[in-house]
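Fold and geometry: a report
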Amino acid sequence: MRIVDALSVSAALGEAEPWASHIASLDEALGGGLGYGQVHEIYAAEPDDASSTASFAMAVAMGMCQRADRPKQTVLWLRERRWLKSAGILQANGWAELGGAPEQGLVGVVPDTLSLLRAAAEALHCGRLGAIILEGWGKMPALDLTASRRLVLAAEKSGVPLLLLRIDATPASSAARTRWQVASAPSRALPGNAPGLPTFDLTLLRQRSGPSGLHWRLEWDRDRHNFREAPLSGAVVSAPLDRPLADRENAPQQTGGRRHAA
Amino acid sequence: MRRSRQEAGATQPEGASDISLPPLAMVAKVRGALRLAAVDARAQALGIVPGMTLADARALEPELVVTEMDEGADRQWLERLARDCRDWSPRVTLAAPDGITLDIAGVDHLFGGETGLCTQIEETMAAIGMTLRHAIASTPEAAQALARHGAPSIRDERAAIRALPVLALGLDADSTLALNRAGIRQIGDLTVRPSATIAARFGAGAIHALYRLMGEEQAPIDVLRDPEPLHFERRFAEPVALQATIATVFMALLQEAATVLAERDLGGHRFVLTLYRTDGARHRLAIETGRATRDPALVLRLFDERIASLADPLDPGFGYDRIGLFLPATDPLPTSQPSLDGREKDEAELAELIERLSTRLGPGCLLRLAPRDSHLPEQAQLALPAMDVRPPVPWPQPPEGGPPMRPLFLFDPPQRVEVLAEVPDGPPHRFRWRRKLHEVRLYEGPERIANEWWRHKGGECAGQGGLTRDYYRVEDVQGRRYWIFRHGLYEEKPDPQWYLHGLFA
């Protein structure tokens, strides 16, 4: 028995411009950028890429939250309790290190897959959220075509993007607008052979209307809140494309300093 | 006959006899001038009395400590004391600003008679630092007057009242002065005079006050009582089972509650809905809101969430014959004026979402991360229920440039790894985690994090403060970035273990 038949839905936002990643080939393939009010599926290439996939989703969510007209948006991260042990505890420090504002974030830890989907559908009704990240592990049989269509409709109504992480799962048919695959990639080493910025191997597996099967290697720049293309030959230290070499040697001084002071 | 007992508590702590402290006075603004409203015993001993201007008092005692009078706090404190006084009598009346009247008719024998009761109250008040003056009389007014102006011990009540100064009538200052000028100094002088002349000269108020003091006239008393509990109920002649009817009834109950709450400037925190089925079964549903609210639509939606998340759905059976709504917890909620820019609406929308999800998932499931002052990585954050955290605590931002230094995911407890290092004290060369071998391509470290030795017993001695950790940020050949640490330096432990603590982007 329910008391109310249908929940009231917050007023839909106007059609927002898609979020442009400032990588020409990526934006062109997507027809302008990643759209708000849509569902984007992000698959991990391997279960070991879970943290890279999650970080990529986090980076996208933070990029999508940088809207001039609505500052300080909240990101909601939904997780399932039984996977906490293999996935690890979400750290606000790491969130801030990726350039986010964890104090604006909400973390929902739910008991099972069904409540995960329900919570996402419920949260999609609130237009105040900047983005929702749903971290799904395993096959998730509850997420069938009907369920994903329901999420898409809710997202369209409120204009909130839903990033659906699928870890340890094979791509299945869904109503999502785009489907991505993320793998971690070797980063450009900093001086002193230190691991560099977060780097991802990104594949656009499918999108509803547009080209697919494209591949990028991207680096996340947390200070500017955008991606930039990383050289594909990550195994050697390569000269940066956008800055002179001398500048580069100055910049990581802090890192080196911190290393020794640690 | 009503026997009343009155106590007048002055809001002065008992330790007033301490000479070393400077005298204290409280001031209030009276017609544009700062005048003393209350003084302590030390100030009184110096001739400083309430009603003086602050300048005069300062002239008498330059070291006078002055604070502002807070009448609201006084009133609140008096009410609290009065509520505590209900231990002794069910009928307690406030005599603002500093008196409490207890009706002890028929209750004093429970405490060993009037003397026993007085001793008990005196001891209780002394324990919380209140000075107390009390008296027992047959009317509340007489008890108040005797406590304030009477002698410490009273044998004959009528004689004691007659001996009271005319100030005890509680008339305005002009009338009291006029009475004194007319040579009437005591109540006894007034009782022997015909009442008509008194009324003609000082007004009917003087006569009423006199009669009440003498017990010849009864005045109404305003007994302190708790506000009515917020309980709303509908009973039905025929059981109802239709969902639409139940929803309508519930909405009506909520609207009724909202009206009462609005009258009292309150908002509900907890709402309990009880459905009484015809066969005697009861369904009890409770919801909690983050902020106090009296919006029926919001509460209805939360209840809907609650019902949807029930393990076994509500079964009306042959119908409910009674539906009750109870509000156990409320908070003050003044009527608010919405702002023009709509920001408040945004905030409210988010708060509503937090409430809805917390109701659906349980309050411990929706969390906000708050910083904690610890340099141990696993203790650096607190996950607090989002309902309770308001406003959010900001996190420090990392310096510009440079890679992430802290992982996004942390394992607690850290996971054991087998590590092969080139030199014992050096960075890992390759490691085995989850039965897979990882070849380290890049590394950075060590970042040395010491244990919290100040929490250990004897931790300040060398070697007793727990093991130090050496953290390395490593990247394997596949490009996955890990946070690995060696638990213990070689000086601390002969064979330290390696652990994987976190995963980077």
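Keep in mind the model is a prediction, meaning the values are calculated, not measured. (Residues numbered from 1 in each chain as written. Chains lettered and ligands numbered in written order. Predicted model: local features only at pLDDT ≥ 70, side-chain atom pairs only at ≥ 80, totals over all residues. Heavy atoms only, no water.)

Tracing the backbone shows Q104 of chain A in the loop between α4 (92-97) and β4 (106-110). Assessed through its relative accessible area of 16%, Q104 of chain A is described here as buried. Aside from chain neighbours lying at most four places away, what touches Q104 of chain A is K72, Q73, T74 and V75 of chain A together with R368 of chain B. (Helix = DSSP H or I, 4+ residues; strand = E, 2+ residues; numbered from the N terminus. Buried < 20%, exposed > 50% of the residue type's maximum accessible area, 1.4 Å probe, protein only. Contact = heavy atoms within 4.5 Å.)

All names here are of chain B. The strand order across the open sheet formed by four strands is β8-β11-β9-β10, and the pairing between neighbours is antiparallel. Pairing within the sheet leaves two strands with one partner each, and these edge strands are β8 (231-240) and β10 (282-293). Neighbouring strand axes in the sheet, compared pairwise and without regard to direction, differ in orientation by 15° on average. Here β8 runs beside strand β11 (residues 320-332); their pairing, made up of six bridges, is antiparallel. Looking across to β11, one finds that R235 is bridged to R322. Each of β8, β9 (266-277), β10 and β11 is contacted by helix α11 (residues 243-263), which is oriented at about 160° to β8, the strand it contacts most. (Pairing = 2+ DSSP bridges. Axes fitted to C-alpha atoms, helices over the stretch in contact; angles between N-to-C directions.)

The subject of this paragraph is the interface of chain A and chain B. Each side of the interface is counted separately: chain A has 81 residues, and chain B has 75 residues. Both faces combined, the contact of chain A with chain B buries some 6,900 Å², and carbon together with sulfur accounts for 57% of it. Between K436 of chain B and D48 of chain A there is a salt bridge, with the nearest N and O atoms lying 2.9 Å from each other. Remark: the boundary between chain A and chain B carries 26 residue pairs in polar contact (both at pLDDT 80 or more). Among the elements that make up the side of chain A that touches chain B, the one with the highest residue count is α4 of chain A (six residues). Residues belonging to the side of chain A that touches chain B are distributed by class as follows: 35 nonpolar, 27 polar and 19 charged. In this sheet, strand β14 (residues 409-421) of chain B lies alongside strand β3 (residues 89-90) of chain A in antiparallel orientation, the contact comprising two bridges. The residue bridging L90 of chain A from the neighbouring strand is F409 of chain B, located in β14 of chain B. (Buried area = accessible area lost by both parts, 1.4 Å probe. Salt bridge = Lys/Arg side-chain N within 4 Å of Asp/Glu carboxyl O. Polar contact = N/O pair within 3.5 Å; in protein donor to acceptor, adjacent residues only side chain to side chain. Nonpolar A, V, L, I, M, F, W, Y, C, P; charged D, E, K, R; others polar.)

Here the focus is the side chain of R486 of chain B. All names here are of chain B. Its location among the elements puts R486 in strand β18 (residues 481-487). The class for R486 is buried, based on a relative accessible area of 0%. A distance of 3.2 Å separates the side chain of R486 from the side chain of D425, its partner in a polar contact. At a separation of 2.7 Å, a polar atom in the side chain of R486 contacts the side chain of D470. Sequence-distant contacts of R486, that is, excluding residues within four places in its chain, are made with P424, D425, G426, T468, R469, D470, Y472, P496, Q497 and W498.

This part is about the sheet that holds strand β3 (residues 33-39) of chain B. Residue and element names in this part refer to chain B. Strand order in the open sheet formed by three strands is β3-β2-β4, with mixed pairing between adjacent strands. Strand pairing shows two members of the sheet lacking a second neighbour, β3 and β4 (65-68), which therefore form its edges. Going from strand to strand, the sheet's axes swing by 45° on average, the running direction of each strand aside. Pairing of strand β2 (residues 24-30) with β4, which is carried by four bridges, proceeds in the parallel orientation. Within β4, the position partnered with L24 by the bridge is V65.

All right, on to helix α2 (residues 50-65) of chain A then. Taking 1.5 Å of rise per residue, 16 residues should cover 22 Å, and α2 of chain A covers 22 Å from first to last C-alpha, within 8% of that figure. Where burial is concerned, most of α2 of chain A is hidden: 16 out of the 16 residues are buried. (Expected span 1.5 Å × (residues − 1).)

All names here are of chain B. Mean pLDDT over chain B stands at 85; residues scoring 70 or higher make up 94%. For the stretch residues 8-17, pLDDT sits under 50, and the model shows 24 contacts to residues farther than four places along the chain or on other chains. In the predicted complex, the global pTM is 0.62; the interface-specific ipTM is 0.83. (pLDDT = per-residue confidence, 0-100.)

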